[in-house]
Every structure is written in structure tokens, then in C-alpha cells.
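What the coordinates show
Spelled out from the first residue to the last, the chains are:
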Amino acid sequence: MAFFQDIFSIFNKRNVPFIESFQEEKDVYTFRFEKSDDVTWKAGQHGLFTVTHQKIKDHTRPFTIASAPEEDVIQITMKISDDPSEFKQAMLSLKKGDTIKMAGPVGSFCLKEDSPTMLIAGGIGITPFRAIVQQIEAEGNNNKQIQLIYLDSNKSFIFQDELDLIAKETSVKVRYLHERDHLNKELDKCISSYSNEGHFFVSGPKSMVETTTTYLQKQNVPKRHIKKDVMFGY
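Residues numbered from 1 in each chain as written. Predicted model: local features only at pLDDT ≥ 70, side-chain atom pairs only at ≥ 80, totals over all residues. Heavy atoms only, no water.

**Brief notes about the packing of helix H5 (residues 180–194) against helix H6 (residues 206–218)**
Where H5 meets H6, the axes come as close as 11 Å, and the angle between the chain directions of the two elements is 40 degrees. Relative to H6, the element H5 lies oblique. For the pair H5 and H6, the crossing hand works out as right-handed. Listed contacts from H6 to Arg 180, Leu 183, Asn 184, Leu 187, Asp 188 and Ile 191 of H5 are Met 208, Thr 211, Thr 212, Tyr 215 and Leu 216. Across the contact of H5 with H6, the residue classes tally to six nonpolar, three polar and two charged. (Axes fitted to C-alpha atoms, helices over the stretch in contact; angles between N-to-C directions. Helix = DSSP H or I, 4+ residues; strand = E, 2+ residues; numbered from the N terminus. Parallel < 35°, antiparallel > 145°, perpendicular 65-115°, else oblique. Left-handed = near helix turned anticlockwise from the far one by under 90°. Contact = heavy atoms within 4.5 Å. Nonpolar A, V, L, I, M, F, W, Y, C, P; charged D, E, K, R; others polar.)

Structure representation (C-alpha cells):
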């Protein structure tokens, strides 16, 4: 059923007006767009975004929607290097009043279970989890046993202030790590305490997602209890 819903959503395109953009860190930028009443999504899903204010070759890219629907804004956050792609150059050139197209939402990287859950982010992989914990706060749900582990070797930790505030208001627990070995130790703690009931969501660069998933499976975490969201550079 989810597959057919995604297929239908891909053809559901609408223009979203640009509001603002700002730099989170040296190479990380956030873009915000207006959300009309007929647009919604589940926290953790992504949309297909098409540049329309400029003519470029590869004009459509998928990005996680980093905001929760209750925030009434469509937010995407991405890494932009000193030598950005044509798509990202076009994003940086957006001015208030410009529009881009959004199709979707698509994807099943969403919380569905009330079981204990660990959210594991690597670098820019924090974007779906920002939306998820914002959604938990908006719903006032303090019954979910959620742990968020945020691994960033550069210690940038975008959204840290927001995440810390949410952790104070909800049952979400947040840990910040900058070494891979420390992540494995945290995983071991949760695996032992979750028994066979825990679920693990992993989001980040391909190598990080694959390494973490492999480690979880070696620790006998059932494959069906692991969800993955791989971030690409574009």
C-alpha cells in the first residue's frame, strides 16, 4: 500500500514559494518555503524538489523535509561545498517571491511503533530526526521511549539548540558523539536494554549507514527492526 501511495504522491506537484535561507554552519544551509493548507507529510518523509526559476540540466533532487507539518513551513537543509553543483548554486540564488516545485511526500522513514526506538544520525543525516522530534513535541507525546544519537566528527551538531530544548520538554534523550567507537558503545547499551522490542532508525552518508546497519545485525538486531535513510551529496 505504501508503494502505491508514493507513486501517487510523486505526481502530486505544487509550487512552493521561497521564504528565506540561512547558513547553519560553514557548509550547511537551510531553505524555508511556504506551506499551503493542502500540503502535509509525515515527519521523516522526503519530497522531490525541482528548480524552476533557472534553467539547469539536473533540476530535480530528493531532500528530506526537515520540518514537522505542525511548523507550517517546508524546510530543507543541505550541505553546500565551496564548489557546489548547478542545482545547489540555483538554490543559493533563490530570492523571496521565487518558487520551486515540490512533489511528494514519499518514503516510510517514520515512527509507527510505540516500542523503544533509537534514532542514529550521522552528520547531515540529522534532518529527518529534527522533523521527528519536532513532531513528538508538537503532539505532546511524552510516552515514547526515544533516544537520539547524533554522530558528527566535525562537532558541528546543527540544530543542537533546538534538540536540547525539545529534550527538556519531552521524553526524548539526546546524545552527541564525535567518535565512531563511542557510537558502538551506545548501541550496545540500547541493544541490551531494548531486548527484542527495540527499533533502530539510521540516517546519514552511505558508508555510515551501511557500517551501522552491519554492526546492528551482527548484534542480532532483526533486520525488520532497522530502517535506513541514505543521504547523497548531489
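We are not done yet, so read on.
**Digging into the layout of surface pockets**
One number sums up the size of the largest pocket: a volume of about 620 Å³. Around the largest pocket, the lining is made up of 30 residues, and of these Lys 79, Gly 123, Ile 124, Pro 205 and Met 231 lie nearest the centre. At the level of elements, strand S4 (60–64), strand S5 (73–79), strand S8 (146–151) and strand S11 (226–231) are the ones that each hand at least two residues to the lining of the largest pocket. The greatest single-element share of the lining of the largest pocket, amounting to four residues, is contributed by S5. For the lining of the largest pocket, the residue count by class is 15 nonpolar, ten polar and five charged. (1 Å grid on protein atoms, 1.4 Å probe; cavity = no way out; pocket = protein on both sides within 12 Å on 5 of 7 lines; lining within 4 Å. Points joined across faces, edges and corners; volume = space filled by probe spheres on them.)

**Re the sheet that holds strand S10 (residues 199–205)**
Across the sheet, which stays open at both edges, the five strands sit in the order S9-S8-S7-S10-S11 with parallel pairing between neighbours. Both edges of this open sheet fall to strand S9 (173–177) and S11, since each of them pairs with a single strand only. When strand polarity is set aside, the average angle formed by the axes of neighbouring strands in this sheet is 15 degrees. As judged from the six bridges shared by S10 and S11, these two strands associate in the parallel manner. Bridge pairing in S11 links Gly 204 to Val 230. Along the sheet, helix H3 (residues 127–139) makes contact with strand S7 (117–122), S8, S10 and S11, crossing S7 at roughly 145 degrees. Sitting on the sheet, H6 touches S7, S10 and S11, and the angle it makes with S10 is about 155 degrees. (Pairing = 2+ DSSP bridges.)

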